[in-house]
Amino acid sequence: MSSEVELRRGIRRRLVELNVNPYPHVPKSKVIPVRSIVRSPTPGSYVNVAGRVVGVRRHGALVFFDLVDDGQRIQCSISRSDVDKELFNFFEKFVDLGDYVYVAGSLYYTKKGELTIAVSDVQLLAKALRSPPVKWGHRILDPEVKYRKRYLDIMTNPQARRVFEVRFKTIEEIRKFMWSKGYIEVETPVLQPIYGGAAARPFKTHVWALDTEWYLRISLELYLKRFIVAGFNKVFEIGKNFRNEDIDVEHNPEFTMMESYEAYADYNDVMELTEELVSTVAKKVLGTDAVEYPVGREVVKINLSPPYRRVSLYDAFREFAGLDVESLPDDKLIEYLDKYSVRIAGGYDRGRAVVKLFDRIVGREHLVQPTFVVDFPKSSSPLAKPHRSRPDLAERFELYIGGMELANAYTELNDPELQASFFREEEARRALGDLEAHPFDWDFIEALEHGMPPTGGLGLGIDRLVMIYTGVNSIKEVIPFPMIKPREFEAKNQ
RNA sequence: GGGCCCGUAGCUCAGCCAGGUAGAGCGGCGGGCUUUUAACCCGUAGGUCCCGGGUUCAAAUCCCGGCGGGCCCGCCA
């Protein structure tokens, strides 16, 4: 079978025979970024650049081709009358779509007015044995190829590239924002003997050196609180969490969170921090905090400027569903659970029932503009401090934007005795089959026993924030290499 | 866990309903062309029709099973 790969291997072989290295260590002269040329072009000047060949238009003795360098495209032309014949023939015979090349030449504008390099020298920098799957600027339509070989998506599609530029700029700007607020960025273990800080099933692994089962963290929370116990007043961490659960448009088993903890603060302070962060970072990254996001079939304008609406969970039920859940007796609540076929692992619990019904009954269409839903039932929040004026509630909020939950935060529980009793309740639920119940963490209790100051904490989903910023509605679009079932390597074209 | 849809050339897809020589455009390769930019013109090669089994004289097409992907629902406090 004569494939593209075989053909190009033949070209590579011939180059080696001609003593031309198809993979030199560096370009023959120092190159400058194409972006810097495009930013301030000076026609007539001589430039050295490098890039991937993404388009070739041959006109016999004149060839136009496009280079892309670090995401920036520039057109080049090479003319038989302007360069020596051998160089022109070399380009014709040995340079293909996808190759990296060095070119030197002078800048000019074509008849159509496009900035172009009139090439006087060419060097092959890396022979590509496979050409790009689609023309540059076009989308890879097969989602499987797009996610499995994301480098091809980013290589060929500037819009995909932009999503990741926004993603990593967002992370950078979150860091700067938190630093500017006096937070210290810390690191905590990814591998943990006891997982915690959220309700989720963990990934398990075996540590041979200690011959013990360990877990990949499901949140950053419990170790960051240990930093507060240690005497750091303001800490944050940006890192991967791992939850062994299903994959869909809003969930990937491996995802990125920013968590922060601040001593002497409560959830009201954290709300102010959160809305300022979401807005400030948007302005830094996008130049605006007014964004558009697809909700259902419509694209909705979303204003990320503070202040965000605060609405209590019970008021949200009243306002959006006309339902006074608060005064609903348990038997009525159970009827609703049946009606919406909601199951509660580990047995009926009023608080959990309310929270589950919230997702089902209130609906996301009411939570498109940034909204803090505040004051959750105590029993659904085993790491939050009980409400200062409502014993049945916890001081907890979730931030919704575009119908998605972006953040979860508490006035943190710092009473070790109460925390221990919450853990015992969780253990009881686990015994009744709740696989996501919080495990009892004695070491964490002991840390709290040494005294943790009043603290406000935040967990912010970075992937979902980037979704809002970029207007995409699948988490796979903002995770460079989303989890996808592995495939046996096909010895294709080998 | 349940449902729907998809898998044919490197890419995008037609052919399947109603079984009968596997197609188009782009890309590749060869030729032509000095201002194109999804260049154009002429020619040409390229296939495990996702895999396995069944029905049939005959299967890309019909049936069963599997693999991979997407979407929806459930789950994800």
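Within each chain, residues carry numbers counting from 1 in the order of the written sequence. Here the convention is simple: chains get letters from A, ligands get numbers from 1, in the order in which they are written. For this predicted model, a pLDDT threshold of at least 70 governs which residues receive local features, and a threshold of 80 or more governs which side-chain atom pairs are given and counted, while totals over whole chains, interfaces and linings are taken from all residues. Hydrogens and water molecules were not included; the side-chain quantities draw on all heavy atoms of the structure.

A. Quick look at the domain arrangement of chain A. Domain parsing of chain A yields domain 1 (3-126) and domain 2 (155-477). Each of domain 1 and domain 2 has a C-alpha centre, and the two are 50 Å apart. What fixes the domain bounds is an automatic or database domain assignment.

B. Examining the side chain of T371 more closely. Only DSSP runs of H or I reaching four residues or more are called helices, and only runs of E reaching two or more are called strands; each is numbered from the N terminus. Structurally, T371 can be placed in strand β15 (residues 371-377). Only 2.7 Å separates the side chain of T371 from the backbone oxygen of Q369, close enough to count as a polar contact. In this structure T371 touches R309, V311, E398, L399 and Y400, once residues within four positions along its chain are discounted. In the analysis that follows, any N or O atom pair within 3.5 Å is treated as a polar contact, provided that within protein one partner can donate a hydrogen and the other can accept it, and provided that, for residues neighboring in sequence, both atoms belong to side chains. Two residues qualify as a contact provided that any one of their heavy atoms is within 4.5 Å of a heavy atom in the partner residue.

C. The protein's contact with RNA strand B, seen in detail. Around RNA strand B lies a shell of 45 residues, among which K112, H251, V355, K356 and S380 are the nearest. Among the atoms of RNA strand B lying within 4 Å of the protein, the sugar-phosphate backbone contributes 62%. Contact between RNA strand B and K111: a sugar or linking oxygen at 3.4 Å from a side-chain N or O atom of the residue. Contacts to RNA strand B include E144, whose side-chain N or O atom sits 2.7 Å from a sugar or linking oxygen. Elements with a contribution of two residues or more to the surface near RNA strand B: β1 (46-59), β2 (62-69), β3 (72-79), α4 (143-148) and α11 (350-362). Here, proximity means that at least one heavy atom of the residue falls within 4 Å of the molecule or strand.

D. Layout of the packing of aromatic side chains. When two rings of Phe, Tyr or Trp (its six-membered ring) have centres within 6.5 Å they constitute a pair, described as stacked for plane angles under 30 degrees, edge-to-face for angles over 60, and tilted for the intermediate range. Overall, the coordinates contain 12 aromatic pairs when judged by the stated rule. Ring centres 5.7 Å apart and planes at 35° place the aromatic pair Y308 and F372 in the tilted group. One end of the pair, Y308, is in the loop between β13 (298-303) and β14 (309-312); the other, F372, is in strand β15, and 64 residues separate them in sequence. Both residues of the pair, Y308 and F372, belong to the buried class. Accessible area is worked out with a 1.4 Å probe on protein chains only. A residue is then buried under 20% of its type maximum, exposed over 50%, and partly exposed in between.

E. Quick peek at the packing of helix α7 (residues 221-230) against helix α13 (residues 442-449). Axes here refer to lines fitted to C-alpha atoms; in helices the fit is confined to the stretch in contact. Angles between the N-to-C directions go from 0 to 180 degrees. Relative to each other, α7 and α13 sit at 25°, their axes nearing to 10 Å. As far as their axial angle goes, α13 and α7 are roughly parallel. Handedness of the α7/α13 crossing: left-handed. Between α7, through L222, K225, R226 and V229, and α13, the contact on the second element is made entirely by D443, F444 and A447. Taken together, the residues of the contact of α7 with α13 sort by class into 4 nonpolar, no polar and 3 charged. Oblique is the label for any angle not under 35 degrees, not over 145, and not in the 65 to 115 range, which are roughly parallel, roughly antiparallel and roughly perpendicular in turn. Two helices cross in a left-handed way if the nearer one is turned anticlockwise from the farther one by less than a right angle. They cross in a right-handed way if the turn is clockwise. Gly counts as polar in this scheme, as do all residues outside two lists: the nonpolar Ala, Val, Leu, Ile, Met, Phe, Trp, Tyr, Cys and Pro, and the charged Asp, Glu, Lys and Arg.

F. The arrangement of the confidence of the model for chain A in detail. The predicted model of chain A averages 91 in pLDDT, with 98% of residues at 70 or higher. Interface confidence in the predicted complex, given as ipTM, is 0.85; pTM for the same model is 0.93. Confidence of the predictor in every single residue is expressed as pLDDT, which spans 0 to 100.

G. Looking closely at the environment of E245. Its location among the elements puts E245 in the loop between β10 (234-242) and β11 (254-263). Exposure remark for E245: the relative accessible area of 29% places this residue in the partly exposed category. The spatial distance from the C-alpha of E245 to the C-alpha of F203 is 9.4 Å, given a sequence separation of 42 residues. Engagement of the side chain of E245 in a polar contact is seen with the backbone nitrogen of R201, the distance being 3.1 Å.

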